[in-house]
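Residue-level structure breakdown
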Amino acid sequence: MRAEIAVPAIAALVYRAHSKNSLTPGGIFAAFLTAVAHAVHPWNLPFALLVVFFLAGTRVTHIKENVKANLTVHSKGTSGGEGPRNHIQVFANSLTASIFSLLHAYQLHTRKQALIANPTSTGTGSLCFSWGGDLLVIGIIANYACVAADTFSSELGILSKGEPRLITSWNLRKVPRGTNGGVSLIGLGAGLLGSMIIVTASMLLLPLCTDDTAMRIGGAAGWSLEQRRFLILGLTLWGFLGSVVDSILGGLFQASVKDVRTGKIVEGEGGVRVLVSNATNPNTVAGRTKAEIKSSLLSGEGTDAVEDVGGAGKASGKATASGNKERRSSFGEERRSRVVENGWDLLDNNDVNFLMAFGMSVGAMAVASWYWGVPLQSVLPPWWA
């Protein structure tokens, strides 16, 4: 990308993130690094997709923001809703595309040097994208199609009138809004829309080979209308599939924590895990009351021991050597304020997003490699392969 375009574009992107409070300071720095990694690419495509994803994702995040804030609760006890995204969230969505963009930029640079050094070349060469061409381009587009579909699905699906259905349950049971793995028709449709936006932008910006480039060094035959349609349909459906895969991963490996009092899902700040307390009583520590712990330390006799203060121990109702049962308070000591609605607590939201983006991007390249007959190893530099 030309420097006179890249520099002001990156500055505008950073300014908008700051002015709209879309990113934390760490998130802005991560976005700056990501933008630079995309801007060094000779084509405008990677940087443009980053901008489209950022602007479209920010837009849907702010749709009915006040309504969405009341549908979940924050882990700190305030209303839910999406706050400014941090550096981890930025990298979870864009790190894969950044790596692929740098790798492809290196490939194009190597190809350009080969064209310059070719003594038989006359006129200008071409670095156009051919049918059956660079797999890394497919990976970049697939990354943003998938994360855009996931963002649209999450931000708009939660506004569905009906409760979502848990995609990982055999009977698709209803779950609270915001549950990991919960899907709705509105959310699925929104995911398809997000994928379509990215793929449409890609097709408008891709330097596809044409009949004019067929005779140039490094060029190839032009794309047919059927080939264009096939690529659009395939990448759009792949991005949509990415949002479904994200829901499955989240429903299985990410714990959805529900607040018992409100019945709403608790959202962790910055996509991190939400802690589940043992009980609502603040005197409860790891399932034991402070009184039990204190008595154990004072007398060394476990739960049968009590602290005798002015004979109070005789009237406290604690267990004695005669075997009488302890009379325990019934005021909320055993009630949990948060429970796990579904999922194993193995990954947080950022882990799920990154695994989905990386897996679906590599998967798209693997499918293209098989269909086009292009070795998957071609994505690696010669000194790495």
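Evaluated as defined, the whole model comprises 7 salt bridges. Here E155 ties to R85 by a salt bridge, and the two come within 3.8 Å at their closest N and O atoms. You can see E155 sitting in helix α6 (residues 135-157) and its partner R85 sitting in the loop between β1 (73-74) and α5 (87-117), a full 70 residues away along the chain. One salt bridge connects D259 with R261, and the closest N-O pair in it is separated by 3.3 Å. Accessibility expressed as a relative area gives 7% for D259, which makes it buried. Ionic contacts of the salt-bridge type, sharing partners, join the residues K68, R85 and E155 into one network.

One can find S195 in helix α7 (residues 185-205). In this view, S195 contacts A145, A149, L235, T236, G239 and F240; residues no more than four positions away in its chain are not counted.

On to the confidence of the model for the protein, then. Low pLDDT means the predicted atomic positions in that stretch should not be read closely. Summing up the model confidence of the protein, the mean pLDDT is 82 and the portion of residues at 70 or higher is 80%. Within the protein, α7 carries the highest mean pLDDT (97), whereas strand β6 (residues 284-285) carries the lowest (37). Confidence over residues 278-297 falls short of pLDDT 50; this stretch has 37 contacts with residues more than four positions distant or in other chains. pLDDT under 50 marks residues 299-333. Its contacts with residues more than four places away, or in other chains, come to 36 contacts.

This part takes up the packing of aromatic side chains. Counted by the stated rule, this structure contains 12 aromatic pairs. Ring centres 6.2 Å apart and planes at 70° place the aromatic pair W131 and F230 in the edge-to-face group. Within this pair, whereas W131 is found in the loop between α5 and α6, its partner F230 is found in helix α8 (residues 225-253), the two being separated by 99 residues in sequence. Summarising the aromatic geometry, the rings of F253 and W344 are spaced 6.2 Å apart at their centres and angled 40° between planes, so their arrangement reads as tilted.

Now for α5. Compared with an ideal rise of 1.5 Å per residue, which puts 31 residues at 45 Å, α5 spans 42 Å between its outermost C-alpha atoms and is within 8% of the ideal. Along α5, the helix axis deviates most sharply at S94, where the bend reaches about 55°. The opening residue of α5 is N86, an N-cap whose side-chain oxygen sits 3.1 Å from the backbone nitrogen of I88.

Quick look at a nonpolar patch on the surface now. Nonpolar side chains collect at one region of the surface, where F29, F32, L33, V36, V40 and L102 lie side by side and expose about 520 Å² of accessible area between them. Residue placement: L33 occurs in helix α2 (residues 25-39).

This paragraph deals with the state of the cysteines. Evaluation of the coordinates by the stated rule reveals 1 disulfide. Between the sulfur atoms of C128 and its disulfide partner C209 the distance amounts to 1.9 Å. Here C128 and C209 share a disulfide; its torsion about the S-S bond, 85°, makes the bridge right-handed. Of the two residues, C128 is situated in the loop between α5 and α6 and C209 in the loop between α7 and α8; the sequence distance between them amounts to 81 residues. Overall, the relative accessible area of 8% leaves C128 in the buried class. For C209, a relative accessible area of 1% corresponds to the buried category.

With that settled, consider the layout of surface pockets. Vacant regions in the atomic arrangement are exposed by a probe of water-molecule size rolled over the atoms. Empty space within the second largest pocket amounts to approximately 420 Å³. L23, F54, T58, R85 and V90 are the residues nearest the centre of the second largest pocket, which is lined by 27 residues in total. Elements with a contribution of two residues or more to the lining of the second largest pocket: α1 (3-19), α2, α3 (45-61) and α5. Looking at which element gives the most residues to the lining of the second largest pocket, the answer is α3, with 6 residues.

Look at α3: 24 Å from first C-alpha to last across 17 residues, which is about the 24 Å you get at 1.5 Å a residue. Counting buried positions over the 17 residues of α3 gives 13, a clear majority of the element.

Another point: the nonpolar core. Counting residues in hydrophobic clusters, the biggest one holds 59 residues, and the most contacted among them are L49, F129, I138, Y144 and L206. Only α1, α2, α3, α5, α6, α7, α8 and α11 (349-372) provide two or more residues apiece to this core. Core analysis: the second largest hydrophobic core is formed by 5 residues, A56, V60, L156 and A190 among them.

Moving on to the side chain of Q254. Structurally, Q254 can be placed in the loop between α8 and β4 (256-259). A relative accessible area of 9% means that Q254 is categorised as buried. When sequence neighbours within four positions are dropped, the list of residues in contact with Q254 reads N180, L249, N342, G343, W344, L347, D348, N349 and V352.

Thresholds applied
- For every chain, the first residue of the written sequence is number 1, and numbering continues from 1 along that sequence.
- This being a predicted model, a pLDDT of at least 70 is required before a residue's local features are given, and a value of 80 or more before pairs of side-chain atoms are given or counted; all residues contribute to the totals for chains, interfaces and linings.
- The basis for every side-chain value is the complete set of heavy atoms in the structure, and neither hydrogens nor water enter the calculation.
- When a carboxyl oxygen of Asp or Glu is within 4 Å of a side-chain nitrogen of Lys or Arg, the pair counts as a salt bridge.
- Numbering goes from the N terminus for both helices and strands, where a helix is a DSSP run of H or I of at least four residues and a strand is a run of E of at least two.
- Using a 1.4 Å probe on the protein chains alone, a residue whose accessible area is under 20% of its type maximum counts as buried, one over 50% counts as exposed, and one in between counts as partly exposed.
- Residues are treated as being in contact if the distance between any of their heavy atoms lies within 4.5 Å.
- Each residue gets a pLDDT score, which is the predictor's confidence in that residue and runs from 0 to 100.
- A pair of Phe, Tyr and Trp rings is counted when the ring centres sit within 6.5 Å of each other, with Trp represented by its six-membered ring. The angle between the planes then sorts it: under 30 degrees is stacked, over 60 is edge-to-face, the rest tilted.
- Take the number of residues in a helix, subtract one, and multiply by 1.5 Å to get its expected span.
- Axes are fitted to the seven residues ending at a residue and to the seven starting at it; the angle between these axes is taken as the bend at that residue.
- Each polar contact in these results corresponds to two N or O atoms within 3.5 Å; when the atoms are within protein, one needs to be able to donate a hydrogen and the other to accept it, and residues that are neighboring in sequence are counted only if both atoms are side-chain atoms.
- Nonpolar side chains (Val, Leu, Ile, Met, Phe, Trp, Tyr) are joined into patches within 5 Å and like charges within 9 Å, using only residues with over 30% relative accessible area and no salt bridge.
- Each accessible area value is a Shrake-Rupley result obtained with a 1.4 Å probe; residue values ignore everything except the protein chains displayed when judging cover.
- Criterion for a disulfide: a pair of cysteine sulfur atoms at a distance within 2.5 Å.
- Buriedness for pockets is judged along seven lines, at least five of which must meet protein on both sides within 12 Å for an open set on the 1 Å grid over protein atoms alone, while cavities are sets there where a 1.4 Å probe fits but cannot get out, and lining residues have an atom within 4 Å of a point.
- Grid points are joined across faces, edges and corners, and a volume is the space filled by probe spheres set on the points.
- Nonpolar core, defined: a set of buried Ala, Val, Leu, Ile, Met, Phe, Trp, Tyr and Cys residues in which side-chain atoms within 4.5 Å join the residues together.

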